[in-house]
Amino acid sequence: MRRILLSTLFLALAAQPLAAQEIAVAPEVSAAGLPALGPQWLSANPYRHQPAAADARAIGREAYNQACARCHGVDASTNAAPAPDLRNLDRGCRRITEPALKARCQADNDAYFAKTVRQGKVILGVTHMPPWQGVLPQELAWAIQVFVEGRAAAR
């Protein structure tokens, strides 16, 4: 009888939608200091090695702290956040010294980053990260990545 009661309780709870689903809320950050990229998402981060990288890093920090810090930690500086430490995203690429191979690694990392930001992360029906497509312009997304990569390199 106890097993049936526990099974019924488990099924009832599992059937309920999760109340703690994350919702993407646009940060109140202007991307005016960055070159405009348009609505079509690029396949690689256009700000990484450009003169606009310093502006992108500052704008990315502000956007990150408004949109990402709640789950990934303020200033991308904590390992205790509930979501993955984003400073580890390009860890493998940082170790590569051969320029062409490093560029390929960064291209793969950019594709993963863009897909994750745009589509979010849903695992077993649970939204771990909301989709940011239509909420976060790609200028801010790429600026966030430049900021996070800068934080990772500074560790």
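Scroll up to find the structure.
For the structure given in this document, a descriptive report is provided here. None of these values were measured; they are calculated from a predicted model.

Our focus in this paragraph is the packing of aromatic side chains. Two aromatic rings, taken as a pair, are described by how far apart their centres are and by the angle between their planes. Applying the stated criterion across every chain yields a total of three aromatic pairs. Seen from their ring centres, Trp41 and Trp142 are 6.1 Å apart, and the 55° between their planes marks the pair as tilted. You can see Trp41 sitting in the loop between helix H1 (2–15) and helix H2 (53–67) and its partner Trp142 sitting in helix H6 (residues 138–153), a full 101 residues away along the chain. When its relative accessible area of 14% is taken as the criterion, Trp41 is described as buried. Owing to a relative accessible area of 0%, Trp142 belongs among the buried residues under this scheme. Every member of this aromatic cluster is reached through a ring pair, and the members are Trp41, Phe113 and Trp142.

Unusually for a residue other than glycine, Ala76 sits at a positive phi of about 50°. Relative to the helices and strands, Ala76 resides in the loop between helix H3 (69–72) and helix H4 (91–94). Even without glycine at this site, Leu124 takes up a positive phi of about 50°. One can find Leu124 in the loop between strand S1 (121–123) and strand S2 (126–129). Residue classification places Leu124 among the exposed residues on the basis of a relative accessible area of 86%.

This part is about the pattern of salt bridges. This structure, assessed with the given rule, holds five salt bridges. Between Arg48 and Asp110 there is a salt bridge, with its nearest N and O atoms 2.5 Å apart. With Arg48 in the loop between H1 and H2 and Asp110 in helix H5 (residues 99–119), this residue pair connects regions lying 62 residues apart in the sequence. The pair Arg48 / Asp110 is uniform in exposure class, with both members buried. Where Asp75 meets Arg61, a salt bridge forms, and the shortest distance between an N and an O atom there is 2.8 Å. Of the two residues, Asp75 is situated in the loop between H3 and H4 and Arg61 in helix H2; the sequence distance between them amounts to 14 residues. What makes Asp75 buried here is its relative accessible area of 17%. According to the relative accessible area criterion, Arg61 is partly exposed, its value standing at 42%.

The terminal C-alpha atoms of H5 lie 30 Å apart, and with 21 residues this matches the ideal 30 Å at 1.5 Å per residue to within 8%. Considered for burial, the residues of H5 that qualify are Gln106, Asn109, Asp110, Phe113, Ala114, Thr116 and Val117. For H5, the buried positions fall inside an angular range of 165° around the axis, keeping them on one side. Summarising the geometry of H5, the exposed residues directed more than 90 degrees from the buried face are Arg104, Asp108, Lys115 and Gln119.

This part is about the nonpolar core. By size, the foremost hydrophobic cluster in this structure holds 29 residues, and its most contacted members are Tyr64, Val117 and Ile144. By residue number, the principal contributor to this core is H6, which donates eight residues. Residues contacting Ile144, with those up to four places away along its chain left out, are Gly60, Ala63, Tyr64, Cys68, Phe113 and Leu136.

On to empty space enclosed by the protein. A complete count under the given rule lists one cavity of 30 Å³ or more for this structure. Of the pockets and cavities examined, the largest cavity occupies roughly 60 Å³. Along the walls of the largest cavity sit Leu86, Leu89, Asp90, Asn109, Phe113, Gln145, Val148, Glu149 and Ala152, which together make up its complete lining. No other element matches the four residues that H6 contributes to the lining of the largest cavity. Class assignment of the residues belonging to the lining of the largest cavity gives a composition of five nonpolar, two polar and two charged.

Criteria and thresholds
- Residues numbered from 1 in each chain as written.
- Predicted model: local features only at pLDDT ≥ 70, side-chain atom pairs only at ≥ 80, totals over all residues.
- Heavy atoms only, no water.
- Phe/Tyr/Trp six-rings, centres within 6.5 Å; stacked < 30°, edge-to-face > 60°.
- Helix = DSSP H or I, 4+ residues; strand = E, 2+ residues; numbered from the N terminus.
- Buried < 20%, exposed > 50% of the residue type's maximum accessible area, 1.4 Å probe, protein only.
- Salt bridge = Lys/Arg side-chain N within 4 Å of Asp/Glu carboxyl O.
- Expected span 1.5 Å × (residues − 1).
- Arc of directions from axis to C-beta.
- Core = buried A, V, L, I, M, F, W, Y, C linked by side-chain atoms within 4.5 Å.
- Contact = heavy atoms within 4.5 Å.
- 1 Å grid on protein atoms, 1.4 Å probe; cavity = no way out; pocket = protein on both sides within 12 Å on 5 of 7 lines; lining within 4 Å.
- Points joined across faces, edges and corners; volume = space filled by probe spheres on them.
- Nonpolar A, V, L, I, M, F, W, Y, C, P; charged D, E, K, R; others polar.

These figures capture arrangement, not role.
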